[in-house]
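Here are the chains, one letter per residue:
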Amino acid sequence: MANHKSALKRIRANEAKRLRNRYQAKTTRTFIKKLKATTDKVEANELYKKVVSMLDKLAKKNVIHKNNANNKKSRLAKFVNALG
């Protein structure tokens, strides 16, 4: 266990950030699943905008790699465009 005050604070801060990152990543995955389950083009476009924003935020904060976010956005765009 850490002995320095600053180390103890760092442990608390890291845990808070870890939980926040996990929550945001899980929420994004849930929205991706909702988008994949959609068959309506209009609803899919609205969801796609929201999901892209969420992925960009995760990539900006280094929760996920930027290439991972771009790959997901690309695949989802293909899915949305294929809806009739």
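Residues numbered from 1 in each chain as written. Predicted model: local features only at pLDDT ≥ 70, side-chain atom pairs only at ≥ 80, totals over all residues. Heavy atoms only, no water.

Residue-level account of unusual backbone geometry, with values.
One non-glycine residue with positive phi stands out, namely Asn 62, at about 60°. Among the residues examined, Asn 62 registers a relative accessible area of 67% and is labelled exposed. (Buried < 20%, exposed > 50% of the residue type's maximum accessible area, 1.4 Å probe, protein only.)

Any chance you could break down the packing of aromatic side chains for me, citing the residues and the numbers?
Per the counting criterion, the structure on display carries zero aromatic pairs. The ring of Phe 31 has Lys 34 lying over it, and the distance from NZ or CZ to the ring centre is 4.6 Å. (Phe/Tyr/Trp six-rings, centres within 6.5 Å; stacked < 30°, edge-to-face > 60°. Lys NZ or Arg CZ within 6 Å of the ring centre and 35° of its normal.)

Could you give me a rundown of the side chain of Thr 28, with the residues and numbers involved?
Here Thr 28 is to be found in helix H1 (residues 5-37). Once residues within four sequence positions are removed from consideration, Thr 28 is found in contact with Met 54, Leu 55 and Leu 58. (Helix = DSSP H or I, 4+ residues; strand = E, 2+ residues; numbered from the N terminus. Contact = heavy atoms within 4.5 Å.)

Give a detailed account of the pattern of salt bridges, specifying residues and quantitative values.
Going through the model one piece at a time under the given rule, you end up with two salt bridges. Two residues, Arg 18 and Glu 15, come together in a salt bridge whose shortest N-O distance is 2.9 Å. Here Arg 18 and its partner Glu 15 are both found in helix H1, three residues apart, which amounts to about one turn of the helix. On the accessibility criterion, Arg 18 (38% relative accessible area) is partly exposed. Among the ionic pairs, Asp 56 bridges to Lys 73, the shortest N-O distance being 2.6 Å. A residue pair is termed long-range when its members are at least 10 positions apart, and Asp 56 in helix H2 (residues 41-60) and Lys 73 in helix H3 (residues 66-82) qualify at 17 residues. (Salt bridge = Lys/Arg side-chain N within 4 Å of Asp/Glu carboxyl O.)

So what about the nonpolar core? Which residues, and what values?
If you look at the biggest cluster of nonpolar residues, it comprises 15 residues, and the most contacted ones within it are Leu 35, Val 51, Leu 55 and Leu 76. Where this core is concerned, the elements lending two or more residues are H1, H2 and H3. Element by element, the count of residues in this core is highest for H2, at seven residues. Beyond its immediate chain neighbours, meaning those up to four positions away, Leu 55 contacts Thr 28, Ile 32, Ile 64, Ala 69, Lys 72, Lys 73 and Leu 76. (Core = buried A, V, L, I, M, F, W, Y, C linked by side-chain atoms within 4.5 Å.)

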